[in-house]
Amino acid sequence: KTLDPSTPVTILYRDLRSYGFRERVYRQARDLGVRFLQYAPEAPPEVGIHDSRLRVQLRVQPEGMPVELSAGRVVLSTGIDPNPENPRLSRLLKVPLTRDGFFLEAHAKLRPVDFAAEGVFVCGLAHSPRAIEESMEQARAAAVRVVGLLSKPSLWSTPIVATVNPRLCSACGVCVESCPFGARQLDLERGCAEVIEVLCQGCGACVAACPNKASQQRGFAFREIAQMVEVAIP
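Residues numbered from 1 in each chain as written. Predicted model: local features only at pLDDT ≥ 70, side-chain atom pairs only at ≥ 80, totals over all residues. Heavy atoms only, no water.

Novice: I would appreciate a short explanation of helix H3 (residues 132–150) in the present structure.
Specialist: Owing to its 3.6 residues per turn, the α-helix brings residues three or four apart onto one side. Relative to the 27 Å expected for 19 residues at 1.5 Å per residue, H3 spans 27 Å between its end C-alpha atoms, a close match to the ideal helical length. Glu134, Ser135, Gln138 and Ala142 are the residues of H3 that are buried. With its buried residues spanning 100 degrees around the axis, H3 presents them on a single face. In this structure, H3 carries Ile132, Val144, Val147 and Leu150 as exposed residues pointing more than 90 degrees from its buried face. Looking at the buried side of H3, the elements it contacts are helix H1 (22–31). (Helix = DSSP H or I, 4+ residues; strand = E, 2+ residues; numbered from the N terminus. Expected span 1.5 Å × (residues − 1). Buried < 20%, exposed > 50% of the residue type's maximum accessible area, 1.4 Å probe, protein only. Arc of directions from axis to C-beta. Contact = heavy atoms within 4.5 Å.)

What follows is the structure, encoded as structure tokens:
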């Protein structure tokens, strides 16, 4: 539009989001005369050739008014879909996905590149559709978080991590499957499960899932809970 102001430009869209400084780009396009027409997803535009010319027909929202455009060129924007391998990777790393299939961070404001599972980070198109500038900034943030972990001489773990009584453990693997942080593994030589303490967040999922009561959680053992109940209820 800047190169040839006389050229009519129309953008057809379902949903338009111009967050942050991108609002300035949208306003600039409007000031130059670019038209924005919204259509409903259930009634997409139809492109055809009439009288040897491209014609685009659509119903403009919100009234649903029919509009026909004569076009010299129809350009389709490229949509971004999540990687089809995301569900498998999600199960492997024990990290959540959004309903659209992208990876879900621990907190959008406080921990935007972290997962609840310690030591696993997200950035770029794995997180959501975004521009290259945003992907680069997220990658830098994730790199800083990684450096922050690797630069420490030692790591602190939560004091309420789970434990395993090898005499009661049958190595059934139920606790490994139930752990959302990947902090459980089977020790085939010992014939029992073991806890990776630096990954354990003390959620207690493995304790609840263990059929043999071989898993305990420090600070929340059965005897400790029983004593609390006895004190609370004389």
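So, next bit.
Novice: It is not clear to me how a nonpolar patch on the surface should be interpreted in this structure. Could you clarify?
Specialist: Taken together, Phe220, Ile225, Met228, Val229 and Ile233 make up a surface patch of nonpolar side chains, about 470 Å² in accessible area. Looking at where Val229 falls in the secondary structure, it is placed in helix H6 (residues 222–232). (Patch = residues over 30% accessible without salt bridge, like charges linked within 9 Å, V, L, I, M, F, W, Y side chains within 5 Å. Areas by Shrake-Rupley, 256 points an atom, 1.4 Å probe, with all protein chains shown as cover. Salt bridge = Lys/Arg side-chain N within 4 Å of Asp/Glu carboxyl O.)

Novice: It is not clear to me how the nonpolar core should be interpreted in this structure. Could you clarify?
Specialist: If you look at soluble globular proteins, the nonpolar side chains tend to sit buried side by side. Core analysis: the biggest nonpolar cluster contains 21 residues, and Val95, Phe115 and Cys200 have the highest contact counts within it. Among the elements of the structure, strand E8 (192–195) and helix H5 (205–209) are those that each provide at least two residues to this core. Of all the elements, E8 adds the most residues to this core, at three residues. (Core = buried A, V, L, I, M, F, W, Y, C linked by side-chain atoms within 4.5 Å.)

Novice: Can you walk me through the state of the cysteines in this structure?
Specialist: By definition, a disulfide links the sulfur atoms of two cysteine residues through a covalent bond. As enumerated under the stated definition, the model contains zero disulfides in all. Not part of a disulfide, Cys192 finds its nearest cysteine sulfur in Cys169, a span of 5.2 Å. (Disulfide = S-S within 2.5 Å.)

Novice: Got a minute to help me understand the sheet that holds strand E4 (residues 53–60) in this structure?
Specialist: Backbone hydrogen bonds hold the strands of a sheet together, and the pairing may be parallel or antiparallel. Ordered by their spatial adjacency, three strands build an open sheet running E3-E4-E5, and the pairing between neighbours is antiparallel. Both edges of this open sheet fall to strand E3 (46–50) and strand E5 (65–71), since each of them pairs with a single strand only. Within this sheet the neighbouring strands show an average axis-to-axis angle of 30 degrees, counted without direction. Pairing of E4 with E5 involves seven bridges; the strand directions are antiparallel. Within the sheet, the bridge partner assigned to Val56 lies in E5 and is Leu69. (Pairing = 2+ DSSP bridges. Axes fitted to C-alpha atoms, helices over the stretch in contact; angles between N-to-C directions.)

Novice: Explain unusual backbone geometry to me, please; I cannot follow it from the model alone.
Specialist: Excluding glycine, a negative phi dihedral is what most residues carry, and trans is how most peptide bonds are arranged. With an omega of 10 degrees, the peptide bond running from Gln61 to Pro62 counts as cis. Within the secondary structure, Pro62 is located in the loop between E4 and E5. The phi torsion at Asp51 lies on the positive side, around 55 degrees, for a residue other than glycine. Within the secondary structure, Asp51 sits in the loop between E3 and E4. Positive phi outside glycine occurs at Ser52, with the angle close to 65 degrees. Here Ser52 lies in the loop between E3 and E4.

Novice: Please explain the side chain of Gln217 as it appears in this structure.
Specialist: Structurally, Gln217 can be placed in strand E9 (residues 215–217). Exposure remark for Gln217: the relative accessible area of 10% places this residue in the buried category. Polar contacts involving the side chain of Gln217 include one to the main-chain carbonyl oxygen of Ile160, which spans 3.4 Å. Among the polar contacts made by the side chain of Gln217, one reaches the main-chain carbonyl oxygen of Gly202 at a distance of 2.5 Å. (Polar contact = N/O pair within 3.5 Å; in protein donor to acceptor, adjacent residues only side chain to side chain.)

So, to be careful, I would describe these as geometric facts and stop short of saying anything about function.
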